[in-house]
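Examining the three-dimensional arrangement
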Amino acid sequence: MAIERTFSIIKPDATRRNLTGAVNAVIEKAGLRIVAQKRIAMTRAEAEAFYGVHRERPFFGDLVAFMTSGPVVVQVLEGENAVAAYREVMGATNPANAAEGTLRKLFAESIEANSVHGSDSAENAKIEIAQFFSGNEIVG
């Protein structure tokens with residue numbers, strides 16, 4: 001098994017409800033290490049760049065507005081097959097379809113306000129991590 005890193009965002013719906021610690025506890029219980037973390041106010045430019053792949057989709061404007069509606073917690077997670085492991089911990093995008101015990105089943109309010117984001121590939125994880133963290137901010 002390969003040790004790798006992935007990127008996570010605890011979204012505004014979860015930070016508004018003070019769930020950062022609860023989310024982190026689930027992440028750590030799953031065997032992933034939080035090697036970088038900071039609470040930020042994502043700017044419109046950051047959100048548009050981050051979700052740029054969805055720019056032509058009808059939900060893009062609402063997504064950017066949501067992600068800039070309150071603080072988020074950006075994180076770098078590390079562990080064995082971290083991308084796949086975290087995607088399993090997050091659960092299905094639609095919380096109604098998420099498995100019991102997953103972050104989205106436990107904390108999501110809706111398909112839009114689903115509490116967490118995680119990278120979908122190791123390649124995208126590298127890009128997403130670099131958007132929010134410099135190398136000296138990641139301490140394994």
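Keep in mind that this is a model prediction, so the values were computed, not measured.

1. A short note on the nonpolar core
In terms of nonpolar packing, the biggest core is built from 22 residues, with Phe7, Ile9, Met67, Val74, Phe132 and Phe133 touching the most fellow members. Counting only elements with at least two residues in this core, the list comes to β1 (3-10), β2 (33-40), α3 (44-50), α4 (60-67), β3 (72-80) and α7 (122-132). Looking at which element gives the most residues to this core, the answer is α4, with 5 residues. Filtering out sequence-adjacent residues up to four positions away, Phe7 remains in contact with Phe50, Val74, Gln75, Tyr86, His117, Gly118, Ser119, Ala125, Glu128, Ile129, Phe132 and Phe133.

2. Remarks on helix α2 (residues 20-29)
For α2, the full list of buried residues reads Thr20, Val23, Asn24, Val26 and Ile27. For α2, the buried positions fall inside an angular range of 160° around the axis, keeping them on one side. Positive backbone phi, at 95°, marks Gly31, one or two positions downstream of α2.

3. Here we look at the UniProt feature "active site" (unreviewed entry) in the protein
With numbering aligned to this structure, UniProt lists the feature "active site" (unreviewed entry) at His117. Its place among the elements puts His117 in strand β4 (residues 116-118). A relative accessible area of 13% means that His117 is categorised as buried. Excluding its chain neighbours within four sequence positions, the residues that come into contact with His117 are Phe7, Ser8, Ile9, Lys11, Phe50, Tyr51, Tyr86, Met90, Arg104 and Glu128.

Reading the values: the criteria
Residues numbered from 1 in each chain as written. Predicted model: local features only at pLDDT ≥ 70, side-chain atom pairs only at ≥ 80, totals over all residues. Heavy atoms only, no water. Core = buried A, V, L, I, M, F, W, Y, C linked by side-chain atoms within 4.5 Å. Buried < 20%, exposed > 50% of the residue type's maximum accessible area, 1.4 Å probe, protein only. Helix = DSSP H or I, 4+ residues; strand = E, 2+ residues; numbered from the N terminus. Contact = heavy atoms within 4.5 Å. Arc of directions from axis to C-beta. UniProt positions renumbered as here; feature names shortened; annotations may be inferred.

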